[in-house]
Amino acid sequence: MPRPLGELEDAVMTRVWEWNRPVTVREVLEDLRQDRSIAYTTVMTVLDNLHQKGWVRREQEGRAYRYEAVSTRAAYSAALMNDAWSESDNPAAALVAFFGMMSAEQTEALRDALRVTALDGSRESREPPPGPEEGPSQR
């Protein structure tokens, strides 16, 4: 189960994900300093911790390292959602509650995602679930 990123880890990873290229501690530091006062060694420690946890890979360049994301923010978010869902003692109820919290934009994104998975064949059954007016015995 991936542990959720801490606030500073998330701030650092956000930059790594958005820039989508190998980054240096100095680059991340300079961008973070637009929002907060932070030390070089703090950013270096966070990136080293992210490397130890497997979120970034690094390659030495001279005396410094360049860090690059191992996976995407979408994959990270999906893993967190999957883990949270699997922890539920009633996964169906958890999904119903989650869907009830979704905005119109999120609902549309879910519909789009379901269409994509149906089109690429990754769903085992292409038969849609029964609607509210059609139960299993009415098929």
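See the structure shown above.
This is a predicted model, so every value here is computed, not measured.

Let's shift gears to the environment of Ala79. Relative to the assigned elements, Ala79 resides in helix 4 (residues 73-86). In sequence terms Ala79 and Pro4 are 75 residues apart; their C-alpha atoms lie 9.8 Å from each other.

Relative to strand 2 (residues 64-69), strand 1 (residues 56-61) runs antiparallel, the two sharing 6 bridges. In the sheet register, Arg57 faces strand 2, and the bridge partner there is Glu68. Counting the residues that bridge the hairpin from strand 1 to strand 2 gives 2 residues, and of these Gly62 lies at a positive phi of roughly 70°.

As a further point, take the nonpolar core. One recurring pattern in soluble globular proteins is that nonpolar side chains are buried together. Ranked by internal contacts, the top residues of the largest apolar core, which has 21 residues, are Val12, Met13, Val43, Leu47 and Leu50. Element by element, the count of residues in this core is highest for helix 1 (residues 7-19), at 5 residues. Those residues within four positions of Leu50 in sequence are excluded, and the remaining contacts are Leu5, Glu9, Val12, Met13, Trp55 and Val56.

This paragraph deals with the layout of surface pockets. Of the pockets and cavities examined, the largest pocket occupies roughly 630 Å³. If you trace the largest pocket, you find 17 residues lining it, with Met81, Leu95, Phe98, Phe99 and Leu110 closest to the centre. At the level of elements, helix 4, helix 5 (91-101) and helix 6 (104-119) are the ones that each hand at least two residues to the lining of the largest pocket. If you tally residues by element for the lining of the largest pocket, the top one is helix 6, at 6 residues. Looking at the lining of the largest pocket residue by residue, the classes come out as 13 nonpolar, 3 polar and 1 charged.

This brings us to unusual backbone geometry. Despite not being glycine, Asn20 shows a phi value in the positive range, around 50°. Residue placement: Asn20 occurs in the loop between helix 1 and helix 2 (25-32). The class for Asn20 is exposed, based on a relative accessible area of 66%.

Parameters at a glance
Residues numbered from 1 in each chain as written. Predicted model: local features only at pLDDT ≥ 70, side-chain atom pairs only at ≥ 80, totals over all residues. Heavy atoms only, no water. Helix = DSSP H or I, 4+ residues; strand = E, 2+ residues; numbered from the N terminus. Pairing = 2+ DSSP bridges. Core = buried A, V, L, I, M, F, W, Y, C linked by side-chain atoms within 4.5 Å. Buried < 20%, exposed > 50% of the residue type's maximum accessible area, 1.4 Å probe, protein only. Contact = heavy atoms within 4.5 Å. 1 Å grid on protein atoms, 1.4 Å probe; cavity = no way out; pocket = protein on both sides within 12 Å on 5 of 7 lines; lining within 4 Å. Points joined across faces, edges and corners; volume = space filled by probe spheres on them. Nonpolar A, V, L, I, M, F, W, Y, C, P; charged D, E, K, R; others polar.

Read these as geometric descriptors, not functional statements.
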